[in-house]
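Breakdown of the fold
One-letter residues, chain by chain:
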Amino acid sequence: MSVNRRDFLLFLSAGFTTLAVGSCQNSSKSPNIFSSPEPKFPQSLPFKPIKGPLPNSLDLIQAQTSKSVIPVSDNSLSAQQIQAYSTYEVVDDLVLPEGFTYDVIATWGDKVGNSRFGYNNDYVSFISTGEDQGFLTVNFEYISSAVWLETYQQIIGEPLPLKNLQSSDPKPTINAFELPEKDPLRQDILKLSQEGLTDLGIAVISVQRQADGRWVRTNSAADRVISGLSGWENNQYLKATGPAVAVFIKKGQGYNDQLGEKIIGTFANCAGGTTPWGTVLSAEENFQSQVTEAVYPDGTTYPPSETPFLLEEMEGLGNVFGLAGNKYGWIVEVDPTNPQDYGTKHTWLGRYRHEAVGIRVEVGQPLAFYSGCDRRSGHLYKFVSKGTVKDPQDKKNSQLLTDGMLYAAKFNPDGTGQWIPLTADTTINPDQPNIHAGGIITLPQRPKGGSFIAKTDKDIQNFKQQFKTLGDLYTGIPEEKQGAILIDAHLAASAVGATCTARPEDTEIGPDGSLFIAFTSGTADAETGGPNLEIFQAPSEKKQYEYGWLMRLVEDGNVPQAMTFRWQMVATGGEVAEGGLGFANPDNLAIDGIGNLWMVTDISTSKHNQPVAQGRLDKNQQPLEGTGLLGLYGNNSFWFLPTSGEYVGQAFLFAIGPMDCELTGPFFTPDQKTLFIAVQHPGEKNQTRRDMATKTLEFALQTTQGEEFIQTRQVPWGSNWPSKQPNHPPKPSLVAIRRINSEQIVEKPNPL
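Residues numbered from 1 in each chain as written. Predicted model: local features only at pLDDT ≥ 70, side-chain atom pairs only at ≥ 80, totals over all residues. Heavy atoms only, no water.

1. Topic: the overall build of the protein chain
- What the protein chain contains, in helices and strands, is nine helices and 38 strands.
- For a compact globule of 752 residues, the expected C-alpha radius of gyration is about 27 Å, and the protein chain comes in at 25 Å, within 12% of that figure.
- By principal-axis analysis of the C-alpha atoms, the protein chain measures approximately 80 × 60 × 60 Å.
- Long-range contacts, defined here as pairs at least 24 residues apart, represent 69% of the contacts in the protein chain between residues at least 6 apart.
- Accessible surface computed for the protein chain: about 27700 Å², of which carbon and sulfur atoms make up 47%.
- For the protein chain, the centre of its 61 positive side-chain charges and the centre of its 83 negative side-chain charges are spaced 2 Å apart. (Helix = DSSP H or I, 4+ residues; strand = E, 2+ residues; numbered from the N terminus. Rg over C-alpha atoms; globule rule 2.2 N^0.38 Å. Contact = heavy atoms within 4.5 Å. Areas by Shrake-Rupley, 256 points an atom, 1.4 Å probe, with all protein chains shown as cover. Lys, Arg positive; Asp, Glu negative; His and termini not counted. Charge placed at Lys NZ, Arg CZ, Asp CG, Glu CD.)

Okay, structure coming up:
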């Protein structure tokens, strides 16, 4: 079957109701579909896709590629799917295709230098230092409070001071920053926050591949942790470059931590990127959970009291230490081979809820770094360096990150777009609230600071009458003003008309220089709003769409410094019968050695395997949609999307994660024989699985033809991964996926 992009999109719009051998047609007449008693997976795929909980396009391909000559109607195909999917068993393990295995390399609590391997490992980078050896750099994003508190003593070996924090209030917040130093409650919060921040940040671990293909740790002198408290009790402060440093060192309207340009720690480290010169970039994402996000017009931060400690969520961990909020939300660069490097925050790359870094490095051109702000209504950004690249492998390229310009993307409905500079003389021109999911947009609040919610065209008109340029919204001498703009990048970008998007989670540069972007969810938030519905549309109509998209962006002239671009959605989440590819909420991306896309999903843990009753109606007898149907997709998963060949435009299931987890940070070794991946927060929803507990749940599924049927699903309740032993605590862990025969995961095509 040869399917080009145009035919494929037309095919999606037809709802997968027809499929003819050799072509895709949009026809009311159903052609014959050939079936076999033993469906075979397409032999041109690099692996045999595993069976997920939902019917998907593979069921159609199996029917089409069968050698049988027995014609089967659409009804018969639905009947086959109903029989195949009427029961399904979820497994508390990392489920892989035939011929693959995985090895656990490191897990929460393992010793790393003078610290430990942290919690909720996310982005993974591998820097080779020789044949079959190198450094893994791993991010630690956040604390899953319920399961962390439940299992901490088992894993770490000491109790937590919880007695003084017991309260009848289900969510008591405590401003420990203002408690007396010797207050017992303050001391308990200090200990809890210290342990939490120790489990966040970045770890560097040395590894080596054994003769049998397994990767093991070698525990070199360079192994270390850059935690949320690095610098607090030692001199391992993080450094900073760029205009925001001028704000850090001045006394302004807001709170000052008295440390000048020195920074204590890094946390909320989600995705990232790896440079050709051997450094790793770590993205600080949801920092607002631990410190205050809001700033004053001069870029100084609101006081720590604005984000008090909250035990039940393990949030506000920076409160008791008096951490300055404007020093978090940046991109951190680390050289894993240098044991004295504890990270540099490059402020020209902007402060927002960073998710990933797409890195474009070409000789004779400026650097281009792409990153998204992972919030509902977040923007896509590009940093362009002032200087140009001479040698992509020269570590001096890090200096190019100290000077340049940050831009935010404006997407146009016709598939074009432009980059808007975040500089003082850029014109104020925010989008109207009514084009966004949720009907609102957040903008800088002046003169007070922070933000306000614009709900009407009148709100926008008044804002534009009062402020003409970004320079009118921020104060200070030129460098300080530029620093304040970068510190407040999300609101500044909204003010100048950057497009509010659908949670941009990953940005990856393809072999041809194009940018792939994973947009995770197109629904709105009551406080921040949602994406522009003229750009982020459901397959059938203009409305909020939960299940996400993959976009391809091509710079005009295909040069990093281009100020205009073209964009196109190349994959849509959702059920096949509704125009999707069978996955939901795309997140981290990886590109293999021959240019194929690999994608993991980020379905909210609270929605995993949440039952969907017959008829798909809610308690008010209204049709379920959006997040109400996420339970259909089961656990988070890992997908393969060919970018060439006969199955371009399809998505094939490669792996399913353990219970309540998220698969994160896929990263291929240069020889393409190992795929590192982090398994984050197993057991987050139902904690430790007790006595192999399982529940039987029902789900109203659809066949690829749209016929509803009921699936009975066996679901483990909680997790014991990675040990998989009864009643063992679940632990976030880093694994290496490989073929049992040690061959490449995806082999390059044979030359003609």
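Read on for the rest.
2. Observations concerning helix H5 (residues 184–198)
- Its 15 residues give H5 an end-to-end C-alpha distance of 21 Å, which sits within 8% of 21 Å, the value for a rise of 1.5 Å per residue.
- Those residues of H5 lying buried are Arg186, Asp188, Ile189, Leu190, Leu192, Ser193, Glu195, Gly196, Leu197 and Thr198.
- Residues of H5 that are buried make contact with strand E6 (115–116), helix H4 (145–156), strand E9 (173–174), strand E12 (224–227) and strand E16 (309–310).
- The backbone nitrogen of Leu185 has a side-chain oxygen 2.8 Å away, supplied by the residue at the start of H5, namely Asp183. (Expected span 1.5 Å × (residues − 1). Buried < 20%, exposed > 50% of the residue type's maximum accessible area, 1.4 Å probe, protein only. Polar contact = N/O pair within 3.5 Å; in protein donor to acceptor, adjacent residues only side chain to side chain.)

3. Remarks on the pairing of E12
- Covered by surrounding structure in E12 are Arg224 and Ile226 together with Val225 and Ser227, the residues of both alternating faces.
- Pairing analysis gives four bridges linking strand E10 (residues 201–209) to E12, with the strands arranged antiparallel. Following the sheet pairing, Gly201 is matched in E12 by Ser227. (Pairing = 2+ DSSP bridges.)

4. A short note on helix H8 (residues 478–487)
- Among the ten residues in H8, seven count as buried, and that is most of the element.
- For H8, every residue scored as buried is listed here: Glu480, Gln482, Gly483, Ala484, Ile485, Leu486 and Ile487.
- Its buried side turned inward, H8 meets helix H6 (244–248), strand E22 (404–411) and helix H9 (489–495).

5. Things to note about the side chain of Thr347
- Note that Thr347 resides in the loop between strand E18 (344–346) and strand E19 (354–360).
- Looking at Thr347, the relative accessible area reads 0%, which means it is buried.
- If we skip the residues at most four places from it in the chain, Thr347 touches Thr241, Gly242, Pro243, Ala244, Val245, Phe248, Trp330 and Leu486.

6. Points about the nonpolar core
- Counting residues in hydrophobic clusters, the biggest one holds 102 residues, and the most contacted among them are Phe369, Tyr381, Phe411, Leu422, Leu470 and Leu641.
- Sort the elements by how many residues they give to this core and E22 lands first, with six residues.
- Beyond its immediate sequence surroundings of up to four residues, Phe411 is in contact with Leu380, Thr416, Gly417, Thr499, Thr501, Ile535, Met551, Leu553, Phe565 and Trp567.
- Core analysis: the next-biggest nonpolar cluster, separate from the first, contains 44 residues, Trp148, Ile202, Ile226 and Val291 among them. (Core = buried A, V, L, I, M, F, W, Y, C linked by side-chain atoms within 4.5 Å.)

7. Notes on the confidence of the model for the protein chain
- Of all residues in the protein chain, 92% have pLDDT values of 70 or greater, and the mean over the chain is 92.
- This stretch, residues 1–39, has a pLDDT under 50; its non-local contacts, to residues over four places away or in other chains, come to 80 contacts. (pLDDT = per-residue confidence, 0-100.)

8. A look at the sheet that holds strand E3 (residues 87–89)
- Spatially, the three strands line up as an open sheet ordered E3-E37-E36, and their pairing is mixed. Edge positions in the sheet fall to E3 and strand E36 (694–702), since each of these pairs with one other strand and no more. Geometrically, the sheet is characterised by an average inter-axis angle of 25° between neighbouring strands, direction not taken into account.
- Here helix H3 (residues 74–85) sits on the sheet and contacts E3 and strand E37 (708–716); the angle it forms with E37, its principal contact strand, is near 20°. (Axes fitted to C-alpha atoms, helices over the stretch in contact; angles between N-to-C directions.)

9. Describing the pattern of salt bridges
- Tallied over the full model, the rule gives 31 salt bridges.
- Note that Lys395 and Asp335 form a salt bridge whose closest N and O atoms lie 2.8 Å from each other. One end of the pair, Lys395, is in the loop between strand E21 (380–388) and E22; the other, Asp335, is in the loop between strand E17 (331–334) and E18, and 60 residues separate them in sequence.
- Here Lys395 falls in the partly exposed class, since its relative accessible area comes to 38%.
- Overall, Asp335 belongs to the buried group, its relative accessible area being 11%.
- Between Arg503 and Glu505 there is a salt bridge whose closest N-O contact spans 2.8 Å. Take Arg503 and Glu505: they sit in the same class, and that class is buried.
- One connected set of salt bridges, linked through shared partners, spans Arg116, Glu158, Lys191, Glu195 and Asp199. (Salt bridge = Lys/Arg side-chain N within 4 Å of Asp/Glu carboxyl O.)

10. Describing the side chain of Ser398
- With respect to the element layout, Ser398 can be found in the loop between E21 and E22.
- Accessibility expressed as a relative area gives 13% for Ser398, which makes it buried.
- Polar side-chain contacts of Ser398 include one of 2.6 Å to the side chain of Glu333.
- Once residues within four sequence positions are removed from consideration, Ser398 is found in contact with Trp277, Thr279, Glu333 and His346.

11. Points about the environment of Asp592
- With respect to the secondary-structure elements, Asp592 resides in the loop between strand E30 (586–591) and strand E31 (597–601).
- Take Asp592: its relative accessible area is 5%, and that puts it in the buried class.
- Note: C-alpha distance between Asp592 and Gln672 (80 residues apart in sequence) is 7.3 Å.
- Once residues within four sequence positions are removed from consideration, Asp592 is found in contact with Trp598, Phe640, Phe668, Gln672 and Val746.
- A distance of 3.0 Å separates a polar atom in the side chain of Asp592 from the backbone nitrogen of Ile594.
- Polar side-chain contacts of Asp592 include one of 3.0 Å to the backbone nitrogen of Gly595.

12. Quick look at the packing of aromatic side chains
- The final tally for this structure, using the stated rule, is 36 aromatic pairs.
- Seen from their ring centres, Phe126 and Trp215 are 5.3 Å apart, and the 70° between their planes marks the pair as edge-to-face. Of this pair, Phe126 sits in strand E7 (residues 121–130) while Trp215 sits in strand E11 (residues 215–217), placing them 89 residues apart in sequence. Trp215 carries the same exposure label as Phe126, and that label is buried.
- Taking the centre distance of 5.5 Å and the plane angle of 70° together, the rings of Trp598 and Phe668 count as edge-to-face. Residue Trp598 is located in strand E31, and its partner Phe668 is located in strand E34 (residues 662–668); the two are separated by 70 residues in the primary sequence.
- With a relative accessible area of 9%, Phe668 lands in the buried category.
- Taken together, the ring pairs connect Phe47, Phe100, Trp598, Phe638, Phe640, Phe654 and Phe668 into an aromatic cluster.
- It is Arg446 that lies over the ring of Tyr474; its NZ or CZ is 4.8 Å from the centre. (Phe/Tyr/Trp six-rings, centres within 6.5 Å; stacked < 30°, edge-to-face > 60°. Lys NZ or Arg CZ within 6 Å of the ring centre and 35° of its normal.)

13. Considerations on unusual backbone geometry
- In this chain, Arg446 is followed by Pro447 through a cis amide linkage whose omega measures 10°.
- Take Pro447: it is sitting in the loop between strand E24 (441–444) and strand E25 (451–454).
- Of note, the bond from Trp721 into Pro722 is cis; its omega dihedral lies within 30 degrees of zero at 15°.
- Mapped onto the fold, Pro722 is located in the loop between E37 and strand E38 (733–739).
- In the Ramachandran plot, Asp132 falls in the positive-phi region, its phi being about 60° despite a non-glycine side chain.
- You can see Asp132 is positioned in the loop between E7 and strand E8 (133–140).
- Phi at Asn609 takes a positive value of approximately 55°, unusual for a residue other than glycine.
- Mapped onto the elements of the fold, Asn609 is located in the loop between E31 and strand E32 (637–641).
- The buried category is assigned to Asn609, whose relative accessible area is 3%.

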